[in-house]
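Structural features, examined
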Amino acid sequence: MSLADSWLLPDGMGEVLPPQARQIENLRRQLLDVFHSWGYDLVLPPKVEFLESLLTGAGHDLDLQTFKVMDQLTGRMMGVSADVTPQVARMDAHSMRQQGVTRFCYSSEVLRTHADNLLGSRSPIQIGAEMFGHAGLQSDLEILSLMTDSLLLAGAEQLCLDLGHVGIYRALLSAASLPSETQAELFDLLQHKRLDELPALLAPWQDQPAVAWLQGLSQLNGGPEVLARARQVLSGAPESVITAIDELEALVQALSAAYPQVQLYLDLSELRGFHYHTGLVFAAYVPQLGQALAKGGRYDDIGRAFGRARPATGFSTDLKILASLQAECHLATPIYAPASILTDAAGRAQVSQLRRQGERVILTLPDEAEHGARRLVWQEGQWMLQTFESEVQA
Ligand SMILES: N[C@@H](Cc1c[nH]c[nH+]1)C(=O)O
């Protein structure tokens, strides 16, 4: 490696410098405080786990996104966490084993083998909240509200929530009889929105009503009026499909009453995420970002693999992206004091008090020129805080 290469970072593994690092940290604290105030208990998941526990119940996509390393202690394969959600589900199912509803939140840097898009990060700081033990609509609404409040607090503007329901796709797929390769291809086409290829793929099975409904899903996207259209297009479909539409309708009503400034979009063929979602799925978008700002949904089955299937719903977002939407933060103007102040008890006390009040007091070391607009100076037998107008930045 040449000298010029020795500070190259791998693609998508960015470092964060001042003042952005501080901005991200401020936002992390703010959001964790909001989660705390909603009753979500903080957990700290491990960075690395044995592959079996990390990927159990989580699906193929997450497997592909996971960096694998060998544990030199045991010779077993370990994976670096690429998504905190299944880790929290394991904590709920195995480590906590609490009865009733449990609420957890987290903030942790995860690593991914490839980024979601060309410019995307492979080391997002995933922050989110997960709720276990409640299957009803109210828990989905709580999570959606917490997510929306968090994004608005972070300063997201012109927010759009995209709602879907993978239960509809799953119910129609089990009502249809399609060969497994066709099922896999259908999933792929829907997930990657290659909708114009659907008619050719499904043509041989068009006589099955469930196949016609599956194909109809691709047209069911747009504003809340889509739900009325869905009732017509999917009339006669299995009961669970109609229940899912009812659920979406109730959520749309509640959300538009609570957040009139947020735009709602429905997409009944949306199959985003890591394959573990089982019901409502959602994502939040803002116009200036070509990818989802936050994602989430219901994933009721994941705990089964750990011995306790529990209803589950949650959301997560990337702190780095969220902070990048904010106006650049300006660090508060510090106060400078000569390093010799540490040898004076009254001076030390004054510095401590200023720091406790939230000020930054920076010691000017010997040989450093005195600078800064605000300085503690020794005058008439005491330390005085002075402002030097000549150094106040315009
Ligand atoms: N962890 C999921 C989102 C999610 C959180 N909880 C449920 N779903 C993702 O990153 O896509």
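Look up: the structure comes first, before these words.
Overview of the structure. (Residues numbered from 1 in each chain as written. Predicted model: local features only at pLDDT ≥ 70, side-chain atom pairs only at ≥ 80, totals over all residues. Heavy atoms only, no water.)

Before going further, it helps to spend a moment on the nonpolar core. Judged by nonpolar contacts, the single largest core of 76 residues is most densely connected at Ile168, Leu186, Leu234 and Leu293. Here the element with the most residues in this core is helix α11 (residues 239-258); it accounts for seven residues. Ignoring sequence-local partners within four residues, the contact set of Ile168 consists of Leu217, Leu234, Val241, Ala244, Ile245, Leu248 and Leu268. Listed in part, the 13 residues of the second largest apolar core include Phe104, Tyr106, Phe132 and Ala312. (Core = buried A, V, L, I, M, F, W, Y, C linked by side-chain atoms within 4.5 Å. Buried < 20%, exposed > 50% of the residue type's maximum accessible area, 1.4 Å probe, protein only. Helix = DSSP H or I, 4+ residues; strand = E, 2+ residues; numbered from the N terminus. Contact = heavy atoms within 4.5 Å.)

The next thing to look at is the side chain of Arg90. Counting through the fold element by element, Arg90 comes out in helix α4 (residues 84-96). There is a polar contact of 2.6 Å between the side chain of Arg90 and the side chain of Glu49. Not counting the four nearest positions on each side in its chain, Arg90 is found in contact with Pro46, Glu49, Ser53, Ser95 and Phe306. (Polar contact = N/O pair within 3.5 Å; in protein donor to acceptor, adjacent residues only side chain to side chain.)

Here we come to the packing of helix α5 (residues 137-153) against α11. Axis separation between α5 and α11 bottoms out at 11 Å; the angle between their running directions is 40 degrees. Between α5 and α11, the crossing angle belongs to the class labelled oblique. Both α5 and α11 take part in a crossing whose hand is right-handed. The segment α5 lies against α11, with Leu137, Leu141 and Leu144 engaging Glu247, Ala250, Leu251, Ala254 and Leu255. (Axes fitted to C-alpha atoms, helices over the stretch in contact; angles between N-to-C directions. Parallel < 35°, antiparallel > 145°, perpendicular 65-115°, else oblique. Left-handed = near helix turned anticlockwise from the far one by under 90°.)

For the rest of this paragraph, the subject is the sheet that holds strand β2 (residues 48-50). Reading across the sheet, the three strands line up as β2-β4-β3 and stay open at both edges, with antiparallel pairing between neighbours. The sheet is open, and its two edges are formed by β2 and β3 (68-70), each paired on a single side. The average angle at which neighbouring strand axes cross in this sheet is 40 degrees, direction not considered. Summarising the sheet, β2 and strand β4 (residues 77-80) pair through three bridges and their orientation is antiparallel. Bridge pairing links Val48 to Val80 in β4. (Pairing = 2+ DSSP bridges.)

With mixed pairing, four strands are arranged side by side in an open sheet as β14-β13-β15-β16. Pairing within the sheet leaves two strands with one partner each, and these edge strands are β14 (361-364) and β16 (382-387). Between one strand and the next, the sheet's axes are offset by a mean angle of 35 degrees, whatever the strand orientation. Two strands pair when backbone bridges link them, and strand β15 (residues 374-379) and β16 are joined in this way by six bridges, in the antiparallel orientation.

Before going further, it helps to examine the site of the ligand. The immediate surroundings of the ligand are formed by 13 residues, with Asp83, Thr85, Glu130, Tyr276 and His277 found nearest. One nitrogen or oxygen atom from the side chain of Tyr276 is found 3.0 Å from a nitrogen atom belonging to the ligand. Summarising the interface, the protein chains cover 97% of the accessible area of the ligand, which totals 300 Å² for the free molecule. Among the elements of the structure, β6 (125-132), β11 (294-298) and β12 (312-318) are those that each provide at least two residues to the shell around the ligand. Grouping the constituent residues of the shell around the ligand by class yields three nonpolar, seven polar and three charged. (Near = heavy atom within 4 Å. Areas by Shrake-Rupley, 256 points an atom, 1.4 Å probe, with all protein chains shown as cover. Nonpolar A, V, L, I, M, F, W, Y, C, P; charged D, E, K, R; others polar.)

Attention shifts here to the side chain of Thr85. On the secondary structure map, Thr85 appears in helix α4. The exposure class assigned to Thr85 is buried, which follows from its relative accessible area of 4%. In contact with Thr85, not counting residues within four places along its chain, are Tyr106, Gln126, Glu130, Tyr276, Tyr299 and Ser316.

Our next topic: the pairing of β12. A large share of β12 lies buried, amounting to seven of its seven residues. Alternating residues of β12 divide into Ala312, Gly314, Ser316 and Asp318 and Thr313, Phe315 and Thr317, and every residue in both groups is buried. Sheet analysis places β6 next to β12, joined by seven bridges and oriented antiparallel. Residue pairing in the sheet places Ile127 in a bridge with Thr317 of β12.

The next point concerns the packing of aromatic side chains. Per the stated rule, a full pass over the model turns up six aromatic pairs. Each ring, one from Phe132 and one from Tyr299, has its centre 6.2 Å from the other, and the planes form 85 degrees; the classification is edge-to-face. With Phe132 in strand β6 and Tyr299 in the loop between β11 and β12, the pair connects residues that are 167 residues apart, well separated along the chain. Each member of the pair Phe132 and Tyr299 is classed as buried. Plain terms: the ring middles of Tyr169 and Phe187 are 5.9 Å apart, the flat faces sit at 65 degrees to each other, and that makes the pair edge-to-face. One end of the pair, Tyr169, is in helix α6 (residues 166-175); the other, Phe187, is in helix α7 (residues 180-191), with 18 residues separating them in the sequence. Accessibility assignment for this pair places Tyr169 and Phe187 in one class, buried. Joined through ring pairs, the aromatic side chains of Phe104, Phe132, Tyr276 and Tyr299 make up one cluster. Cation over ring: Arg103 sits above Tyr40, and NZ or CZ is 5.9 Å from the ring centre. Against the face of Phe388 rests Arg375, its NZ or CZ located 3.9 Å from the ring centre. (Phe/Tyr/Trp six-rings, centres within 6.5 Å; stacked < 30°, edge-to-face > 60°. Lys NZ or Arg CZ within 6 Å of the ring centre and 35° of its normal.)

A few words on the packing of α6 against helix α9 (residues 209-217). Put simply, α6 and α9 touch, their axes get as near as 8 Å, and they point 155 degrees apart. Here α9 runs roughly antiparallel to α6, going by the angle between their axes. Between α6 and α9 the crossing geometry is left-handed. Between α6 and α9, the residues in contact are Ile168, Tyr169, Leu172, Leu173 and Ala175 and Ala210, Trp213, Leu214 and Leu217, respectively. The residue makeup of the contact of α6 with α9, split by class, is nine nonpolar, no polar and no charged.

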